[in-house]
Amino acid sequence: MMSTREEIEEGSASEGLLRRSGSTGGSTGSLRWVDGSEVIDQEVLDRNEEINRESNYGSVRRRLKKPRRVDSLDVESMQIKGVHGGNQHKKDVPLLATLSLAFQTLGVVYGDMGTSPLYVFSDVFSKVPITSEVDVLGALSIVLYTIALIPLMKYVFIVLKANDNGEGGTFALYSLICRYADVNLLPNRTPADECISSFKLRLPTPELERAVYIKEILERKSFLKTLLLLLVLMGTSMIIGDGILTPAISVMSAVSGLEGRIPGFNTDALVIISIIILGALFSIQRFGSSKVGFTFAPALALWFCSLGSIGIYNLLTHDATVIRAINPAYIYLFFKKNSTNGWSALGGCVLCITGAEAMFADLGHFSVKSIQIAFTSVVFPCLLLAYLGQAAFLMQHPQSAGRVFYDSVPNSLFWPVFVIATIAAIIASQAMISASFSCVKQAMALGCFPRVKIIHTSKEHMGQIYVPVINWFLMIMCMLVVSAFRSTTSIANAYGIAEVGVMIVTTTLVTIVMVLIWQTNLILALCFPLVFGAMELVYMSAVLSKILEGGWLPLVFASLFLCVMYIWNYGSVLKYRSEVKQKISLDFMDELGCSLGTVRVPGIGLLYNELVQGIPSIFTQFLLDLPAIHSVIVFVCIKHVPVPVVPQEERFLFRRICPKDYHMFRCVARYGYKDVRKEDHHSFEQLLVDSLEKFLRNEALRDNSELGVDDLKVPLMRDQRLEIGTSTSEPSITAAAASGDEDPSLEYELSALREASESGFTYLLGHGDVRAKKNSWFIKKLTINYFYAFLRRNCRGGNATMRVPHMNIIQVGMTYMV
């Protein structure tokens, strides 16, 4: 029950744009530090760079990874990476747990594909009348090879391996590409992100030169970056569109079995009952996909058993020779006989793989092995038997093509099968609903979707989430679709476009992953889009012919979500770039002095901002508006990096800003797009203070080391990667850092920090508004001043998304002209 379930609300962090951090390499020229820390002895840097670079990397290594500027953020991350680098916090999942997850996938992932036998042949033979056995065997052969090639070969054996540390979907592929190439439009990359244990760079291989060449092309061409982002957004939009169409067609197909069985059951009754069932389906989403999966999985298991059993019965009873359809020659004969009508019938054949994308998009809810086991052992064989059985029935009863599924069921079993089919159709909708939730969360974390409320419904699996706004939006749209179309045939015409469109996007992104990241042999990498991309383009050409018959609907939905996501990303990027340009220089801070031109009072001020480097310009507004400022100032940046999870020990990165007597620090709190922000503000404050104390001890230790370098220029210059291997020296280093006896200034600063902590925390929030300049283009003014402003006004506020207590907030506003 909801009362006994721990729900964890998650916001999107400081701003949506912070979610799209960079991947590899150094910062761009426009993002250099302005606090003097860039003034570093180049000879020292070159010497450290030479130590870090292995001799066999050569010019390829230098091109793959730009020279790094060493500062405290980098070295803190290196130190943690050295301790935990080999451990990515992955545990071997027991076989029983994997089988349990595989069982749950039946209720969440495969419901859509499992209910496709309800309507596939009905739609196919509405375009191609059955006049000979070639029609039946040809359609059956197309269906069999489509299931074998796309869900089995493409997704199970290839696409699932392209997951981002267990997370799937188009945005997971995009984040994977972002880690290896600077294709982000948001310039907030930092070299320290490369040291997260989830980041990996491949060692030199014969294919590395080609991968580096492609990487450089992607990074140089801004239009390629925009094109890649639009491709990802389009795929995500179509997945959400699938979340609207899947429940509609699945429920209506199941309920339509009552037509002809109950006198007076007409289209109006079909629509009303379908709407009632859809309302019940979306109402239970709040309980989470884990509970829904366990509840629905037994019903789907029974459904797949029914499909297989009925298929075997029809094969043995009617015509077992339909197994001849394994011969692909029947596909050629089918198109030769039916020509244009056969090509149009492909729009019905593609419905046999509806929901295949959910295998990848829902991966975060489960695991690769569980999805593979469920498909190969249960789903695939049962679907083959179901379609073989229906084809055998049609060989004897071609006039039943319109109701082939229910007519092929023995009369004595009709009502039990109808009940199971209805339950299965309801469950079938779960696959794309869960996929829509996952896509929205990933899009938010990477700065491409407005901030909305997200509830994590499982303590064991972080990917199992519930998004209330999206849930109710999908429900309303589903009901409108059912009311407007009133037939499964019209919805099927719309359904194919969204499904095939998502598959084409996935094929393109996986090909980029193969060439850029996996560094697959070029011939093998090209075979992937040539084989699967060619099939999907043929299917797309068939379904596009149905635009006027209902195919326009998914295009409208996809265009709507595409505009929302692109406008949010576009406005967020412009806002961030404006803040970078207007950040405060150290010359201004030096003129203010350590008092900052005002009174310093005990306490810690946490100024939340979006910049990963420098002092935000909003800080001047606080200095002007407040009569006093806190004795310790920490600029906190909640940043989402393009990895699923950031380990807790790698969460915080610190560096000092200005001289020590200013008591000002920068803190970057890094989260992956799959991370759950469990901590309340008290826990967050304690974690931050503990991490800051550790930073101060390490800083003092290095100040007293043999390097003797001023901490403001190179606070932590020593290469930690050379120190990690010496385990004998680590205890002495830790003890020396902990004691602090050799540095009285450290004890003074630590005591001042504890005193400020005891005085309390105040959250300083800056509300930044964005307006287009007067001389801007009309489209830019319309986009920024109206559309983006509307989205910002109606999304969740900063204090809600950052889990900030309302009683301790001071907020000021600032307008950026872009």
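Right above here is the structure, for reference.
Just so it is clear, the model here is predicted, and its values are computed rather than measured. (Residues numbered from 1 in each chain as written. Predicted model: local features only at pLDDT ≥ 70, side-chain atom pairs only at ≥ 80, totals over all residues. Heavy atoms only, no water.)

Trainee: Would you mind showing me how to read the overall build of the protein chain here?
Mentor: When helices and strands are tallied, the protein chain shows 29 helices and nine strands. In the protein chain, which comprises 818 residues, the share counted as buried stands at 60%. Relative to all contacts within the protein chain whose residues are 6 or more apart in sequence, the contacts with residues 24 or more apart total 86%. Taken as a whole, the protein chain presents about 30800 Å² of accessible surface, with 62% of it coming from carbon and sulfur. (Helix = DSSP H or I, 4+ residues; strand = E, 2+ residues; numbered from the N terminus. Buried < 20%, exposed > 50% of the residue type's maximum accessible area, 1.4 Å probe, protein only. Contact = heavy atoms within 4.5 Å. Areas by Shrake-Rupley, 256 points an atom, 1.4 Å probe, with all protein chains shown as cover.)

Trainee: For this particular structure, what's the right way to read the environment of Phe-103?
Mentor: On the secondary structure map, Phe-103 appears in helix α4 (residues 95-108). Sequence separation between Phe-103 and Ala-374 is 271 residues, and the spatial gap between their C-alpha atoms is 6.9 Å. Once you skip the residues sitting within four places of it in the chain, Phe-103 turns out to touch Ala-297, Pro-298 and Ala-301.

Trainee: Explanation requested: the nonpolar core in the structure shown.
Mentor: Across soluble globular proteins, you tend to see nonpolar side chains buried next to one another. In terms of nonpolar packing, the biggest core is built from 164 residues, with Tyr-110 and Phe-121 touching the most fellow members. Discounting residues that sit within four places of it in the chain, Phe-121 has contacts with Ala-139, Leu-140, Val-143, Tyr-387, Gln-390, Ala-391, Leu-394, Ala-401 and Val-404. Val-634, Phe-654, Phe-684 and Val-689 belong to the second largest nonpolar core, which has 27 residues in total. (Core = buried A, V, L, I, M, F, W, Y, C linked by side-chain atoms within 4.5 Å.)

Trainee: What should I look at first to understand the sheet that holds strand β8 (residues 761-771) in this one?
Mentor: Strands in a sheet are paired, the pairing made by backbone hydrogen bonds, and the direction either parallel or antiparallel. Strand order in the open sheet formed by six strands is β6-β7-β5-β4-β8-β9, with mixed pairing between adjacent strands. Pairing within the sheet leaves two strands with one partner each, and these edge strands are β6 (652-657) and β9 (809-817). Sheet twist, expressed as the mean angle between neighbouring strand axes with direction ignored, is 25°. In this sheet, β8 lies alongside strand β4 (residues 599-608) in parallel orientation, the contact comprising five bridges. Looking at the pairing, Leu-607 lines up with Leu-764 of β8. The strands that helix α27 (residues 744-759) touches are β4, β5 (628-641), β6, β7 (664-672) and β8; relative to β4, the one it contacts most, it runs at about 80°. (Pairing = 2+ DSSP bridges. Axes fitted to C-alpha atoms, helices over the stretch in contact; angles between N-to-C directions.)

Trainee: Please clarify how the environment of Leu-562 should be interpreted in this entry.
Mentor: Structurally, Leu-562 can be placed in helix α21 (residues 552-581). Measuring from C-alpha to C-alpha, the distance between Leu-562 and Leu-230 comes to 7.9 Å, with 332 residues separating the pair along the chain. Leaving out residues up to four positions away in the same chain, Leu-562 has contacts with Leu-230, Leu-233, Met-234 and Ser-237.

Trainee: Honestly, the pairing of β8 in this entry has me stumped. Any pointers?
Mentor: Walk down a regular strand and you will see the side chains alternate between the two sheet faces. Pairing of β8 with β9, which is carried by nine bridges, proceeds in the parallel orientation. Bridging across to β9, His-767 finds its partner in Gly-813.

Trainee: Looking at this model, I keep getting lost on the side chain of Arg-656. Mind explaining?
Mentor: Mapping Arg-656 onto the fold places it in strand β6. A polar side-chain atom of Arg-656 sits 2.7 Å from a polar atom in the side chain of Glu-699. (Polar contact = N/O pair within 3.5 Å; in protein donor to acceptor, adjacent residues only side chain to side chain.)

Trainee: Sorry if this is basic, but what is going on with the pattern of salt bridges here?
Mentor: Between side chains of opposite charge, a pair can form as their charged atoms come close. As enumerated under the stated definition, the model contains twelve salt bridges in all. The salt bridge involving Lys-215 is made with Glu-219; its shortest N-O contact spans 2.9 Å. Separated by four residues within a single helix, Lys-215 and Glu-219 lie in helix α9 (residues 208-220), roughly one turn from each other. Assessed through its relative accessible area of 3%, Lys-215 is described here as buried. Overall, Glu-219 belongs to the buried group, its relative accessible area being 17%. For the salt bridge of Lys-575 with Glu-610, the shortest nitrogen-to-oxygen distance reads 3.0 Å. Taken together, the residues Lys-575 in helix α21 and Glu-610 in the loop between β4 and α23 (618-625) connect sequence positions 35 residues apart. (Salt bridge = Lys/Arg side-chain N within 4 Å of Asp/Glu carboxyl O.)

Trainee: Please clarify how a nonpolar patch on the surface should be interpreted in this entry.
Mentor: There is a patch of nonpolar side chains on the surface, built from Leu-522, Leu-526, Leu-530 and Val-531 and spanning about 360 Å² of accessible area. Mapping Leu-530 onto the fold places it in helix α20 (residues 522-544). (Patch = residues over 30% accessible without salt bridge, like charges linked within 9 Å, V, L, I, M, F, W, Y side chains within 5 Å.)

Trainee: Explain helix α8 (residues 170-180) here, please?
Mentor: Since the α-helix packs 3.6 residues into each turn, any two residues three or four apart lie on the same face. Burial within α8 is extensive, with eleven of its eleven residues counted as buried. Taken residue by residue, α8 has Thr-170, Phe-171, Ala-172, Leu-173, Tyr-174, Ser-175, Leu-176, Ile-177, Cys-178, Arg-179 and Tyr-180 as its buried positions.

Trainee: When you look at the pairing of β7 in this model, what are you seeing that I'm missing?
Mentor: In terms of residue burial, β7 counts as a mostly covered element, since nine of its nine residues are buried. By the alternation rule, side chains of β7 split into Met-664, Arg-666, Val-668, Arg-670 and Gly-672 and Phe-665, Cys-667, Ala-669 and Tyr-671, which are all buried. Of the pairings in the sheet, the one linking β5 to β7 comprises nine bridges and is parallel in character. Within β7, the position partnered with Val-634 by the bridge is Phe-665. Bridge analysis of β6 against β7 gives six bridges, and the strand direction is antiparallel. Following the sheet pairing, Leu-653 is matched in β7 by Val-668. The turn joining β6 and β7, which pair antiparallel and follow one another in sequence, is formed by six residues; a positive phi near 70° is taken by Cys-658.

Trainee: How should I be thinking about the state of the cysteines in this particular structure?
Mentor: One way to say it: the disulfide is the covalent bond shared by the sulfur atoms of two cysteines. Counted under the stated rule, the structure contains zero disulfides. Here Cys-352 stays unpaired: no disulfide links it, and the sulfur of Cys-349, its closest cysteine neighbor, is 6.9 Å away. (Disulfide = S-S within 2.5 Å.)

Trainee: Where do I start with unusual backbone geometry in this structure?
Mentor: Among all residues except glycine, the phi angle is most often negative; among peptide bonds, the trans geometry is most common. In this structure, Ser-339 takes a positive phi of about 45° despite not being glycine. For Ser-339, the location among the structural elements is in helix α13 (residues 329-349). Its relative accessible area of 45% is what places Ser-339 among the partly exposed residues. Within the chain, Cys-658 stands out as a residue other than glycine whose phi angle is a positive 70°. The residue Cys-658 is located in the loop between β6 and β7 in this model.

Trainee: Where do I start with the packing of aromatic side chains in this structure?
Mentor: Each pair of aromatic rings is reported with the distance of its centres and the angle of its planes. By the definition in use, this model includes 23 aromatic pairs. When the ring of Trp-303 is compared with that of Phe-405, the centres are 5.6 Å apart and the planes differ by 50°; the resulting orientation is tilted. Of the two residues, Trp-303 is situated in helix α12 (residues 289-317) and Phe-405 in helix α16 (residues 404-407); the sequence distance between them amounts to 102 residues. Residue Trp-303 shares its accessibility class with Phe-405, and that shared class is buried. Following the ring pairs from residue to residue traces out a cluster consisting of Trp-303, Phe-405, Tyr-406, Phe-414, Trp-415 and Phe-418. (Phe/Tyr/Trp six-rings, centres within 6.5 Å; stacked < 30°, edge-to-face > 60°.)

Trainee: What's the story with helix α7 (residues 133-156) in this structure? I'm lost.
Mentor: With 24 residues, α7 extends 32 Å from end C-alpha to end C-alpha; this agrees with the ideal 34 Å at 1.5 Å per step. Burial of α7 is extensive: 19 of the 24 residues sit out of reach of the surface. (Expected span 1.5 Å × (residues − 1).)

Trainee: Teacher, can you tell me more about the packing of helix α10 (residues 222-255) against helix α18 (residues 468-485) here?
Mentor: Axes are the key here: two packed helices are described by the angle between their axes and the distance separating the axes. Look at α10 against α18: their axes get within 9 Å of each other, and the N-to-C directions meet at 50°. As judged from the angle between their axes, α10 and α18 are oblique. Taken as a pair, α10 and α18 cross one another with a handedness that is right-handed. Note on element contacts: α18 touches α10 through Phe-473, Leu-474, Met-477, Cys-478, Val-481 and Val-482, opposite Ile-240, Gly-243, Ile-244, Leu-245, Pro-247, Ala-248 and Met-252. Here the residues of the contact of α10 with α18 are counted per class, giving twelve nonpolar, one polar and no charged. (Parallel < 35°, antiparallel > 145°, perpendicular 65-115°, else oblique. Left-handed = near helix turned anticlockwise from the far one by under 90°. Nonpolar A, V, L, I, M, F, W, Y, C, P; charged D, E, K, R; others polar.)

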